[in-house]
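What the coordinates show
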Amino acid sequence: VHGHLFFRRLGASYESSCFVDQPRFFYLCYTTSMSHLVFHHLVTRIPTTTANASVADVRHVIEHAKTPWDSVNYIYVLDGAQKLIGVVSIKELFRAKAGNRMDTLMHHEPISVHEHAYEERVVALAVAHSLKAIPVVDHDGRFLGVVPSDAILSILHKRHTEEFLRHGGFMQPHVHFLDVMKARF
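Quick caveat: nothing in here was measured; it's all calculated off a predicted structure.

What to know about the overall build of the protein chain
If you tally the helices and strands in the protein chain, you get six helices and nine strands. Of all 185 residues assigned to the protein chain, the portion counted as buried reaches 39%. Of the contacts formed within the protein chain by residues at least 6 apart in sequence, a portion of 53% connects residues at least 24 apart. Accessible surface, the protein chain as shown: approximately 10800 Å² in total, 58% of it carbon and sulfur.

What follows is the structure in structure tokens.
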């Protein structure tokens, strides 16, 4: 069940959304500014591979990268069109035998979000599925990067602070904490 309500307030667009994750009965409601989208938290220096790559080859690439990775919790498996087809955790990669192929290790239905999804959706997916990072794809399913764990925690903290201030009567429901802070300084 997923519902949306759009409205305009003082020239800014807002969305109010509620959804229930049926398997766990996870319930989340939020109101967010249209500017709080996933692509603002996207990092792109992420290990990726193909399904036919060997575990040994992927380990070598991860260990010998010339620049540090933005996030290395998961290795994302892409097809020839750069579409996300699977995911392998770093723990699974280093536990596997060197001769195994990635297609034998990967989870074939990875959780992902669209680049224009709201940041609260990332938090809901991370909590509901116990994920450390959420992959982001474009409208064609091509891999763009991930929202890493530090960004997920930052979003969660920001939203909890807003809710605390709203319940304390310090903010109105349609106003965002950062918007208030920017207006005051």
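The discussion continues.
Examining the pattern of salt bridges
For the structure shown, the criterion picks out four salt bridges. The shortest N-O distance in the salt bridge between Asp103 and Arg101 comes to 2.5 Å. Residue classification places Asp103 among the partly exposed residues on the basis of a relative accessible area of 24%. Arg142 is the salt-bridge partner of Asp140, the closest N and O atoms lying 3.3 Å from each other. Judged by its relative accessible area of 35%, Asp140 falls in the partly exposed class. Given the relative accessible area of 33%, Arg142 is considered partly exposed. Because the salt bridges share partners, they merge into one network encompassing Asp138, Asp140 and Arg142.

A word on the sheet that holds strand S4 (residues 48-49)
Taken in spatial order, the three strands line up as S4-S5-S6 in an open sheet, and their pairing is mixed. Every interior strand has two partners, whereas the edge strands, S4 and strand S6 (84-89), have only one. Here S4 runs beside strand S5 (residues 74-78); their pairing, made up of two bridges, is parallel. Counted as the bridge partner of Thr48 is Tyr76 from S5.

Brief notes about the packing of helix H4 (residues 119-129) against helix H5 (residues 149-167)
Following both chains from N to C, one finds H4 and H5 inclined at 110°, their axes separated by 9 Å at the closest point. Put simply, H4 runs roughly perpendicular to H5. In contact with Glu119, Glu120, Val122, Val123 and Ala126 of H4, H5 contributes Ile152, Ile155, Leu156, Lys158 and Arg159.

Details of the nonpolar core
Counting residues in hydrophobic clusters, the biggest one holds 13 residues, and the most contacted among them are Val38, Val113, Val122, Ile134, Val136, Val147 and Ile152. Those elements giving two or more residues to this core turn out to be H4, strand S8 (134-137) and H5. Ranked by residue count, the leading element in this core is H4, at four residues. Contacts of Val136, omitting those with residues within four sequence positions, involve Val38, Leu42, Val113, His114, Glu115, Arg142, Phe143, Leu144, Gly145, Val146 and Val147. Counting twelve residues, the second largest nonpolar core, distinct from the first, contains Ala53, Val77, Leu93 and Ala96.

Some details on the environment of Val146
Within the element layout of this structure, Val146 appears in strand S9 (residues 143-147). A relative accessible area of 0% places Val146 in the buried class. With sequence-adjacent residues up to four places away left out, Val146 is seen in contact with His41, Leu42, Val43, Ile46, Ser71, Tyr76, Ala133, Ile134, Pro135 and Val136.

Conventions used here
Residues numbered from 1 in each chain as written. Predicted model: local features only at pLDDT ≥ 70, side-chain atom pairs only at ≥ 80, totals over all residues. Heavy atoms only, no water. Helix = DSSP H or I, 4+ residues; strand = E, 2+ residues; numbered from the N terminus. Buried < 20%, exposed > 50% of the residue type's maximum accessible area, 1.4 Å probe, protein only. Contact = heavy atoms within 4.5 Å. Areas by Shrake-Rupley, 256 points an atom, 1.4 Å probe, with all protein chains shown as cover. Salt bridge = Lys/Arg side-chain N within 4 Å of Asp/Glu carboxyl O. Pairing = 2+ DSSP bridges. Axes fitted to C-alpha atoms, helices over the stretch in contact; angles between N-to-C directions. Parallel < 35°, antiparallel > 145°, perpendicular 65-115°, else oblique. Core = buried A, V, L, I, M, F, W, Y, C linked by side-chain atoms within 4.5 Å.

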